[in-house]
Structures are given as structure tokens and as C-alpha cells.
Amino acid sequence: MCEEYHLISPFERQLIRQVEDRRIISCGLSSYGYDCRLAKDEFKVFSPIQGTEVDPKNFNPNNLLDIPLRTAADGSQYWLLPPHSYALGVTIEQFQMPRNVTAIALGKSTYARCGLIQNTTPLEADWKGRLVIELYNAANLPVRLYAEEGFVQIIFFESDEDCAVSYRDRAGKYQGQSGLTLAKV
Ligand SMILES: O=c1ccn([C@H]2C[C@H](O)[C@@H](COP(=O)(O)OP(=O)(O)OP(=O)(O)O)O2)c(=O)[nH]1
């Protein structure tokens, strides 16, 4: 489906653990799923400095801060998510879900073992876009989040039949999101 219908693009047909001589957090194809990479273009952290309150019906973009992207000794780039902080990131990959496929995004074990909780989230049948992922650092230490490396895994479910009403049929709000789209009603 990735090759014929562009279900995931860009698509890596195997799991990647290394780029040139640098070890990375794995990304690409797994057995029944796919590990996505965290995009470098948009990453935001909740902050009370400019923020007011978080209202899902009227989201204030000032609740979110851009934080600096740092460079490690081996050339990899990362953001430092402060302890007990919540951030929004987006996948590099663009999805084009068929009408008979739905999926769930889950955390990666490597990050889970570092204190990070990725929000479990659906990719609905016929939804199209880049996936926004919410990240919580539950640890009492800062956690590195590496840009352009694996950070979330998607498990896919295929049905024998097309769904009766798809996300696109329902005119879902997040249809076609191409970047870090904030909560809306
Ligand atoms: O954390 C998330 C959750 C969902 N999505 C995308 C994929 C999903 O198919 C679509 C709709 O998700 P959901 O049904 O959870 O959104 P909603 O809050 O119920 O909005 P709507 O009223 O548009 O259904 O948005 C994300 O990018 N990030």
C-alpha cells in the first residue's frame, strides 16, 4: 500500500538504526507497522510564560513556546524537553489512509524507558496528513528528543470491507493537516 497508494511517504522499506556512522533511534518498516521520524520544522512546548489557560475551544497559540534545537557531539540534533513538560511534534511522514485501514500510534520503548509518554492516538480510515504527536516528559530530568529520528510507532489494521463513513466523509477538522495543527473545534 505504501508503494501503490502512498500510504506513508517518504517510506523506508526496512528498519533503519544507523545513518552514515551515527546510531539513530530506529525508524522505518516494522513487522505490522511503521516507526515514524520527528520532523525538524515544528516542535513546541507548553509554557506559562506567555500562556494563559488551555481552552480546546479557543486554543491560545501563546501557550506554546519554540525551544532551541541543539547539536550533539556526533552531529545529531535534539530538543531538551524539561521535566514534567508537554510538547507537540509532527511526523516527517505524510499519511494517506485507505478506506479499509485504520491505525494507532504508540510510544517507542526506548523513549518510554527514558520517561517519555507519547499520546496514544488514532489514524482514521481515509484520513490524510502529517500526524501531530503529543509528548509528555514524566521524568524529573530533561529528556532529549532527537530530530529526524524515530519517536513514535504506528500499528495498522486492515478490514475486509471499506468503512461505511470515513474521516473524510465526516469532514474531519484535521483532514489534510500538513504541519503542527493546534486544537480546534
Ligand atoms: O493526536 C492526534 C490525534 C489524531 N490526529 C489526526 C489523525 C486522526 O485521524 C485525525 C482525527 O483524530 P481524532 O478523531 O482523535 O480527532 P477529534 O478530536 O475527534 O476531531 P474530529 O472532530 O475532527 O474527529 O487527526 C493527529 O494528528 N494527532
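Quick look at the structure, then.

Rules used throughout
Here, residues in each chain are numbered from 1, in the same order as that chain's written sequence. It should be noted that, the model being predicted, local features are given only for residues of pLDDT at least 70 and side-chain atom pairs only at 80 or more, the latter also being counted only at that level, while totals for whole chains, interfaces and linings use all residues. To get the side-chain values, all heavy atoms of the structure are used, and hydrogens and water are removed first. Nonpolar cores were defined as sets of buried Ala, Val, Leu, Ile, Met, Phe, Trp, Tyr and Cys residues, with membership established by side-chain atoms within 4.5 Å. Summary of the burial criterion: residues with accessible area below 20% of their type's maximum are buried, those above 50% are exposed, and those between are partly exposed, where the area comes from a 1.4 Å probe applied to protein chains only. Starting at the N terminus, helices and strands are each numbered in turn, a helix being any DSSP run of H or I of at least four residues and a strand any DSSP run of E of at least two. In what follows, a contact means two residues having at least one pair of non-hydrogen atoms within 4.5 Å. Summary of the distance rule: residues count as near a molecule or strand when at least one heavy atom falls within 4 Å of that molecule or strand. For the purposes of these results, a polar contact is taken to be a pair of N or O atoms within 3.5 Å, where, inside protein, one atom must be able to donate a hydrogen and its partner to accept one; residues adjacent in sequence count only when each atom of the pair is a side-chain atom. All accessible-area figures derive from a Shrake-Rupley calculation using a 1.4 Å probe, and residue coverage is judged against the displayed protein chains alone. Amino acids are sorted into nonpolar (Ala, Val, Leu, Ile, Met, Phe, Trp, Tyr, Cys and Pro), charged (Asp, Glu, Lys and Arg) and polar (every other residue, Gly among them).

**Some points on the nonpolar core**
Consideration 1: In terms of nonpolar packing, the biggest core is built from 34 residues, with Phe43, Phe95, Leu123, Leu131, Leu145, Phe151 and Ile154 touching the most fellow members.
Consideration 2: Put simply, the parts of the chain that give this core at least two residues each are strand S4 (33-46), strand S7 (77-81), strand S8 (86-96), strand S9 (101-107), strand S12 (128-137), strand S13 (143-146) and strand S14 (150-158).
Consideration 3: No other element matches S4, which puts 5 residues into this core.
Consideration 4: Discounting residues that sit within four places of it in the chain, Leu145 has contacts with Leu38, Phe43, Gln77, Tyr78, Trp79, Leu81, Tyr111, Leu116 and Leu135.

**Describing the site of the ligand**
Consideration 1: In the vicinity of the ligand there are 13 residues, among which Thr121, Glu124, Val132, Tyr167 and Gln177 approach most closely.
Consideration 2: Between Lys173 and the ligand, the recorded distance is 3.0 Å, taken from a backbone N or O atom to an oxygen atom.
Consideration 3: Gln177 places a side-chain nitrogen or oxygen 2.7 Å from an oxygen atom of the ligand.
Consideration 4: Calculation on the ligand without its partners gives an accessible area of 580 Å², and the protein chains cover 72% of this total.
Consideration 5: Residue assignment for the shell around the ligand shows that the elements contributing at least two residues are strand S11 (121-123) and S12.
Consideration 6: When its residues are assigned to classes, the shell around the ligand shows 7 nonpolar, 3 polar and 3 charged.

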